Amino acid sequence: MRCTPIRSIGALAVVLVATLTLAGCVSRESDERTAAPPSTVDAAQLSTVTLNVGDQKGGTQALLQASGQLSGTPYKVSFSTFTSGPPQVEAATAGRIDFAVTGNTPPIFGAASDARIKVVSAYTNDASGDQILVPKTSTARSVADLRGKRIAFGKGSSAHGHLLLQLSKAGLTPADVQLVPLQPADALTAFTAGQVDAWAIWDPFTAIAQQQTGARTLTTAQGVANGYGFGIASQQALGDPAKNTALADLVSRIAKASAWAKANPTEWAAKYSAAVKIDPVAGETAQKRSLRPAIPLDDSIVASEQKLYDAFVAAKQIPAGKLFSDFVDTRYDAAVKEATK
């Protein structure tokens, strides 16, 4: 879906003032295009720009539309839907999309594979909507009870990271359980049919499974996983002055939209449920625990992600030798701070 560009550029002025002074962060030596301060263009030149944005169920497009933040963009936006974060990272690396919001784990797998992306924005959440579910008839009462059991999860997704951390906390390794990598729709089918014993998943699928199947929460990621979400951008888009300028505005709009959703939870939950075509009860449940306000990309966030990266290395799920900071670019932090002050 595309939104129609508006010629008026007044709404973009504040963001462009901020972006003109932004500087790129440390990058890999091979990424010369993002090593220097990013170039920008005048907003009047954005009328021919189309940002290709990857989305997930109930994600960026629904939030921007509900909050009114898609109105007045001096560029076009074309959304494409993905099942989870890892395919978004692959699409950004290939240059098929310019930007997407993912969970905390897809950028880690991207870094491990030298994906041509940068993490350019961050979002915070207490991770209570990321859960490990079991059927209502299950006798499991702790993660330790899942030894030898079949657990569905999305490979490279935030659920993968959550599951890894929970296994470690319970004194288990991935080898102690049967990992069943499935995308959410297939996992819901397998879970409902009793083909797996547990499911590591995120909202809104958590809420849908709870409502439709009576699934029981075995544990949540709260206090275990960092709960962060990240905006990733393709290096190709970041190296293009016009798209770089448009991305600064889009990141700002997402920050404003997230703040609106937090301030208007009832209205957002209703619009969210309608947009993704799920029961309003499930939609409200999901959004009460899964809002992600925008925050600047600071050192503590990078350190937390490095810790998660190292946990995957220790579990022999990804190779060692990468610094998460090499895949972070803080050029849009000024725009986020301006949008959320």
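An unreviewed UniProt entry lists the chain under the name ABC transporter substrate-binding protein, with Williamsia deligens given as the organism. Per UniProt, the chain carries the Sequence similarities (unreviewed entry) text "Belongs to the bacterial solute-binding protein SsuA/TauA family." In its Subcellular location (unreviewed entry) section, the UniProt record describing the chain reads: "Periplasm".

A. Focus on helix α6 (residues 184-192). Burial in α6 covers these residues: P184, A187, L188, A190 and F191. Buried residues in α6, looked at end-on, bunch into an arc of 165°, giving them a common side. Pointing more than 90 degrees away from the buried face of α6 are the exposed residues A185, T189 and T192. The elements touched by buried residues of α6 are β6 (131-134), β7 (150-153), β9 (198-201) and α7 (205-213). In the stretch just after α6, G194 is the one whose phi turns positive, near 75°.

B. Structural view of the nonpolar core. Counting 70 residues, the largest nonpolar core has Y75, F99, L146, W199, L247, L250 and W268 as the members making the most contacts within it. Tallying contributions element by element places helix α9 (residues 241-263) first for this core, with eleven residues. Core analysis: the next-biggest nonpolar cluster, separate from the first, contains 28 residues, I117, A122, Y228 and V302 among them.

C. View of the confidence of the model for the chain. Of all residues in the chain, 89% attain a pLDDT of 70 or more, and the chain-wide mean is 89. This stretch, residues 1-35, has a pLDDT under 50; its non-local contacts, to residues over four places away or in other chains, come to 85 contacts.

D. The packing of aromatic side chains, seen in detail. By the definition in use, this model includes seven aromatic pairs. Judged by centre distance (5.0 Å) and plane angle (80°), the rings of F109 and F312 are edge-to-face. Here F109 is found in helix α4 (residues 106-112), whereas its partner F312 is found in helix α12 (residues 299-314), with 203 residues between them in sequence. Judged on exposure class, the residue F109 and its partner F312 are both buried. Among the aromatic residues, those joined into a cluster by ring pairs are Y228, F230 and F324.

E. Structural context of the side chain of D130. Mapped onto the secondary structure, D130 falls in the loop between β5 (117-123) and β6. An unpaired buried charge is present at D130: no salt bridge exists, and R292, the closest side chain of opposite charge, is 4.3 Å distant. The contacts of D130, once residues within four sequence positions are left out, are S158, H162, I201, W202, D203, T219, T220, A221 and R292.

F. How the structure looks around the sheet that holds β7. Judged by pairing direction, the sheet is mixed, and its five strands sit side by side in the order β8-β7-β9-β6-β10 without closing on themselves. Bordering the open sheet on either side are β8 (178-181) and β10 (216-220), each of which pairs with just one other strand. Geometrically, the sheet is characterised by an average inter-axis angle of 25° between neighbouring strands, direction not taken into account. Sheet analysis places β7 next to β8, joined by four bridges and oriented parallel. By the bridge assignment, I151 is partnered in β8 with L179. The strands touched by α7 within the sheet are β6, β9 and β10, with β6 carrying the most contacts at an inclination of about 20°.

G. Local environment of the pairing of β6. Here β6 shows two buried faces, one formed by Q131 and L133 and the other by I132 and V134. Bridging between β6 and β9 involves three bridges; their strand directions are antiparallel. Opposite I132, over in β9, you have A200 as the bridge partner. Relative to β10, β6 is paired through four bridges, and the arrangement is antiparallel. Following the sheet pairing, L133 is matched in β10 by T217.

Criteria and thresholds
Within every chain, residues take consecutive numbers counted from 1 along the sequence as written. Local features in a predicted model are, by the rule used here, given only for residues with pLDDT of at least 70; side-chain atom pairs are given and counted only at 80 or more, and totals for whole chains, interfaces and linings are based on all residues. Computation of side-chain values: all heavy atoms of the structure, hydrogens and water removed. UniProt positions are given in the numbering used here, feature names are shortened, and annotations may be inferred rather than shown by experiment. The buried label applies to any residue whose accessible area, calculated with a 1.4 Å probe on protein chains only, is under 20% of its type's maximum; exposed applies above 50%, and partly exposed to all values in between. Counting from the N terminus, the helices are DSSP H or I runs at least four residues long and the strands are E runs at least two residues long. Taken from the helix axis, the directions to the C-beta atoms give the arc we talk about. Contacts are assigned to residue pairs with any non-hydrogen atoms lying within 4.5 Å of each other. Throughout, nonpolar core names a set of buried Ala, Val, Leu, Ile, Met, Phe, Trp, Tyr and Cys residues whose side chains join them through atoms within 4.5 Å. pLDDT expresses, on a scale from 0 to 100, how confident the predictor is about each individual residue. Stacked, tilted and edge-to-face pairs are distinguished by plane angle, under 30 degrees for stacked and over 60 for edge-to-face with tilted covering the rest, among Phe, Tyr and Trp rings (Trp via its six-membered ring) whose centres lie within 6.5 Å. All tallies of charge rest on Lys and Arg as positive and Asp and Glu as negative; His and the ends of each chain are not included. A side-chain nitrogen of Lys or Arg and a carboxyl oxygen of Asp or Glu constitute a salt bridge if their distance falls within 4 Å. At least two bridges found by DSSP between two strands is the condition for calling them paired. Each axis is a line fitted through C-alpha atoms, taken for helices only over the stretch in contact, and angles between the N-to-C directions span 0 to 180 degrees.

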